[in-house]
Amino acid sequence: MSSSGVGTAVGARIDVSLATPGTRYARDVFGHFVEHFHRQVYGGLFEPGSDLSDERGFRLDVIQAVRELAPPVVRWPGGCFVSAYHWLDGVGPQRRPHYDPAWRVTDPNTFGTAEFVAWCRAVGAEPYLCTNAGTGTAEEMSAWVEYTNAPAGRGRWADLRAEHGSPEPFDVRWWSIGNENYGDWEIGAKTAAEWAVLVRESAKMMLRVDEGIHLLTAARAELGWTLPLLTEAGRYLDMISIHGYWDDLWQADEPSAYGPAVSRSLGPQTEIERTRNILGAVDLSGVGIAFDEWNLRGWHHPDGTSAEAIAARDRNDDNSTYTMADAVFTAGFLNACLRNADVVRMANVAPTVNTRGPLFVHPGGVVRRTTFHVLALYAQALGERVLESTAAGADLEGGAVPVVDHLATLHDDGRRVTVALTNRHPTDAVACVLTLGGHAPTGTFDATVLDGPGPDAYNDVEHPSRVAPERVRVEVTEGSLLLPPHSVTFVDLPLPLPYAAGEVLAPAAHDLPWRLVGRSWSRRTP
Ligand code: AHR
């Protein structure tokens, strides 16, 4: 990308502060989710007998691709599936299929707790188990904790794990009590009062088995549900879980076009703010937010048990659905979480494999959809700290959504700022003027651009790389650089920066009043 955008209408002015080292965010916002739904597990990551699978039945090409996403944590086995799931069906040498009333199909149970933990270790992620608070009990939840985490000899469930061939504990740190138990679509839905007590009592039992686990539970940005929950059980919780899907495709699979889809880009920020306000209403500053199911596109699963209703789920596999709208929305979602890094400590894209996920798996291989590349960029290329910044600029036609979205990050070595810049406009390139610490950089910098040949571009089996990130050198003139339409651009700006006319500003410690001492920051002595 050569033009610096001089002469192009300015889409945004972004000022990044170097006055502080910013806020370190939790990498768990790059988390993932896999549910026993359609082909996410069976025929997705788990395909015994495939030439592409190992002896455990894990698709090795899927493991390789998921590792490119550097997932810190993966949530499993649901989602709605958990609300009638009994974990005992998925452990040990004898697996009996069970009819899953949530998704109205038979689950073979050949992929269970041990398989999931092993798969997480293979992709380098922490396992995160979501318990059954629909038909399940506090005792069943705490027994699962004992099965996974207690040393053999502690009790019958720990001994059972050892008998099943795993003498050492699995050490599962992340646990959720329930899934969306507020919804009438959920098996075993509860009232707010019932929910608060069940979570309190389940948390007590689980923590008495292993006080070291991190506990989350199903919440929502709605005072009537979440306030009683926090009042009764907040003291046991690390985070409350919220979910978001912004293109409602559950019943009618009519994916929104680029414009309408991108016009919903402020939705995640709204949900975060509402949830933050509810947390602020109770004196529980330590409780964070986990957006532990999110995607632009809702999954398609029309009601009913008919063969047609079940077969309709194949429509989720239409790769043409996942365009640059999904990529641009994904960048905006992650920016919203990272800008709220003080309270948002986990997010899990729903799901990782197949359905609406970044990775499409077919018998001959995998397709990295547009969102895959955005998730990989964010998980691999950002600095560890989010810098304070302000932005002003044009909005997309017809709404209050800014054309340009951004996130500025500082790497721990204090010598590099990586700025993620999104141009949401479907057709126009825009010039963005960027300053750091009040200085407008001039020079040519390393960058990665993901834009694709058009707003509706997508990857599929026949064209797996139609949309792919491109490493470029970007020319910046007095802070101005050009952003292609429907694009996500990562720019690396070294500190100190070449600011103007070849001058290299060599401020004391890069104009930062802070310097990195070991792994922590301390105010620079005058
Ligand atoms: O459409 C998938 C479902 O969406 C998940 O199982 C559930 O948690 C959410 O309502």
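The structure presented is a predicted model; accordingly, all values stated were derived computationally and were not measured.

Caption draft 1: Here's a closer look at the overall build of the protein chain. Secondary structure assignment for the protein chain yields 11 helices and 27 strands. Taken over the C-alpha trace, the protein chain has a radius of gyration of 24 Å; the compact-globule value for 526 residues is 24 Å, and the two agree within 12%. Projected onto its principal axes, the C-alpha coordinates of the protein chain cover approximately 70 × 55 × 45 Å. A buried classification covers 60% of the 526 residues belonging to the protein chain. Contacts in the protein chain between residues at least 24 apart in sequence constitute 74% of all its contacts with a sequence separation of at least 6. Accessible area for the protein chain stands at about 19,500 Å²; split by element, carbon and sulfur atoms hold 53% of it. The protein chain carries 44 positive and 66 negative side-chain charges, and their two centres are separated by 5 Å.

Caption draft 2: Seen up close, the sheet that holds strand S2 (residues 23–24). Reading across the sheet, the 7 strands line up as S2-S15-S17-S18-S23-S20-S21 and stay open at both edges, with antiparallel pairing between neighbours. Both edges of this open sheet fall to S2 and strand S21 (470–476), since each of them pairs with a single strand only. The pairing of strand S20 (residues 443–450) with S21 spans 7 bridges and is classified as antiparallel. Paired with Gly 443 across the bridge in S21 is Val 476.

Caption draft 3: Examining the confidence of the model for the protein chain more closely. Confidence along the protein chain averages 92 in pLDDT terms, with 92% of residues attaining 70 or more. Contacts from residues 498–526, a stretch scored under 50 in pLDDT, to residues over four places away or in other chains number 64 contacts.

Caption draft 4: Molecular detail of the site of the ligand. Lining the immediate surroundings of the ligand are Glu 35, Gly 79, Cys 80, Trp 103, Asn 179, Glu 180, Tyr 245, Trp 250, Glu 293, Trp 299 and His 301. Interatomic distance of 3.1 Å between a side-chain N/O atom of Asn 179 and an oxygen atom of the ligand. The separation between an oxygen atom of the ligand and a polar side-chain atom of Glu 293 is 2.6 Å. Considered on its own, the ligand offers 280 Å² of accessible surface; in the complex 94% of this is hidden by protein. By residue class, the composition of the shell around the ligand is 5 nonpolar, 3 polar and 3 charged.

Caption draft 5: The arrangement of the side chain of His 406 in detail. As for its position among the elements, His 406 is in strand S17 (residues 404–410). On the basis of relative accessibility, which here comes to 7%, the residue His 406 falls in the buried class. Here Ser 389 takes part through its side chain, which lies 2.6 Å from a polar atom of the side chain of His 406. Residues in contact with His 406, not counting those within four places in the same chain, are Ile 14, Asn 335, Arg 339, Ser 389, Thr 390, Ala 391, Ala 420 and Leu 421.

Caption draft 6: Inspection of the nonpolar core at higher detail. Formed by 146 residues in total, the largest nonpolar core has its most connected members in Trp 119 and Tyr 378. Examining the composition of this core, we find that 11 residues originate from one element, helix H10 (residues 324–339), more than from any other.

Caption draft 7: Spotlight on the domain arrangement of the protein chain. Along its sequence, the protein chain is carved into domain 1 (10–22 + 385–523) and domain 2 (26–381). Relative to domain 2, the C-alpha centre of domain 1 lies at a distance of 31 Å. In this assembly, 35 residues from domain 1 lie in contact with 29 residues from domain 2. Between the two partners, domain 1 and domain 2, sit 1 salt bridge. The shortest N-O distance in the salt bridge between Asp 405 and Arg 339 comes to 3.0 Å. At the junction of domain 1 and domain 2, the tally comes to 8 residue pairs in polar contact (both at pLDDT 80 or more). Of all the secondary structure elements, the ones that give two or more residues to the side of domain 1 that touches domain 2 are S17, strand S18 (416–423), S20 and strand S23 (487–494).

Caption draft 8: Representation of the packing of aromatic side chains. One pass over the full model with this rule turns up 30 aromatic pairs. Just above the ring of Phe 33 sits the side chain of Arg 75; from NZ or CZ to the centre is 4.7 Å. One Lys or Arg, Arg 466, reaches over the ring of Tyr 458 and ends 4.7 Å from the middle of that ring.

Caption draft 9: Examining the environment of Leu 482 more closely. Relative to the helices and strands, Leu 482 is located in strand S22 (residues 480–483). The exposure class of Leu 482 is buried, given its relative accessible area of 16%. Through-space distance from the C-alpha of Leu 482 to that of Asp 492 is 15 Å; in sequence the pair is 10 residues apart.

Caption draft 10: Layout of the sheet that holds strand S9 (residues 214–218). Pairing is parallel in the closed barrel, where 8 strands are placed in the order S3-S4-S7-S8-S9-S10-S11-S12. Shown here is a sheet whose adjacent strand axes are inclined to one another by a mean of 30°, direction ignored.

Caption draft 11: Up close: the pairing of S20. As defined by bridge partners, S20 adjoins S23 across 4 bridges and the pair is classed as antiparallel. Looking across to S23, one finds that Thr 448 is bridged to Phe 490.

Caption draft 12: Region of interest: the pattern of salt bridges. Going through the model one piece at a time under the given rule, you end up with 27 salt bridges. The partner of Asp 292 in a salt bridge is Arg 75, with the nearest N and O atoms 3.5 Å apart. Linking Asp 292 in strand S11 (residues 288–297) with Arg 75 in strand S4 (residues 73–76), this pair joins segments that are 217 residues apart in sequence. Per residue, the accessibility class of Asp 292 equals that of Arg 75, and both read buried. The shortest N-O distance in the salt bridge between Arg 416 and Asp 492 comes to 3.7 Å. On the criterion of sequence distance, the pair formed by Arg 416 in strand S18 and Asp 492 in strand S23 is long-range, its members being 76 residues apart. Salt bridges sharing common partners tie together Arg 200, Glu 201, Lys 204 and Glu 232.

The rules behind these values
Sequence positions are assigned chain by chain, starting from 1 and proceeding in written order. For a predicted model such as this one, the threshold for reporting local features is a pLDDT of at least 70, and the threshold for listing and counting side-chain atom pairs is 80 or more; totals across whole chains, interfaces and linings nevertheless cover every residue. Processing note: side-chain calculations cover all non-hydrogen atoms of the structure and skip hydrogens and water entirely. Only DSSP runs of H or I reaching four residues or more are called helices, and only runs of E reaching two or more are called strands; each is numbered from the N terminus. Here the globule rule is a power law, 2.2 Å times the number of residues to the power 0.38, and the radius of gyration is based on C-alpha atoms. Under the scheme applied here, a residue whose accessible area is under 20% of the maximum for its type counts as buried, over 50% as exposed, and between as partly exposed, the area being computed with a 1.4 Å probe on protein chains only. In what follows, a contact means two residues having at least one pair of non-hydrogen atoms within 4.5 Å. The accessible surface values rely on the Shrake-Rupley method and a 1.4 Å probe; as for residues, cover is taken only from the protein chains in view. Only four residue types enter the tally: Lys and Arg on the positive side, Asp and Glu on the negative side; His and the chain ends are excluded. Note that the charge is assigned to NZ on lysines, CZ on arginines, CG on aspartates and CD on glutamates. Two strands form a pair only when DSSP identifies at least two bridges running between them. pLDDT is defined as a per-residue confidence score from the predictor, taking values between 0 and 100. When at least one non-hydrogen atom of a residue lies within 4 Å of a molecule or strand, that residue is treated as near it. N or O atoms closer than or at 3.5 Å make up a polar contact, with two conditions inside protein: a donor-capable atom paired with an acceptor-capable one, and, for residues adjacent in sequence, both atoms drawn from side chains. Basically, the charged four are Asp, Glu, Lys and Arg, the nonpolar ten are Ala, Val, Leu, Ile, Met, Phe, Trp, Tyr, Cys and Pro, and anything else, Gly included, counts as polar. Residues grouped as a nonpolar core are buried Ala, Val, Leu, Ile, Met, Phe, Trp, Tyr and Cys residues, joined through side-chain atoms within 4.5 Å. These domain boundaries are the output of an automatic or database domain assignment. The salt bridge definition used is simple: a Lys or Arg side-chain nitrogen within 4 Å of an Asp or Glu carboxyl oxygen. Each Phe, Tyr or Trp ring (for Trp, its six-membered ring) is paired with any other whose centre lies within 6.5 Å, and the angle between the two planes then decides the class: stacked below 30 degrees, edge-to-face above 60, tilted in between. In this analysis the charged atom, NZ for Lys or CZ for Arg, is taken to sit over a ring once it is within 6 Å of the ring centre and within 35 degrees of the ring normal. A fitted line through C-alpha atoms represents every axis, and for helices the fit uses only the stretch in contact; the resulting angles, taken between N-to-C directions, go from 0 to 180 degrees.

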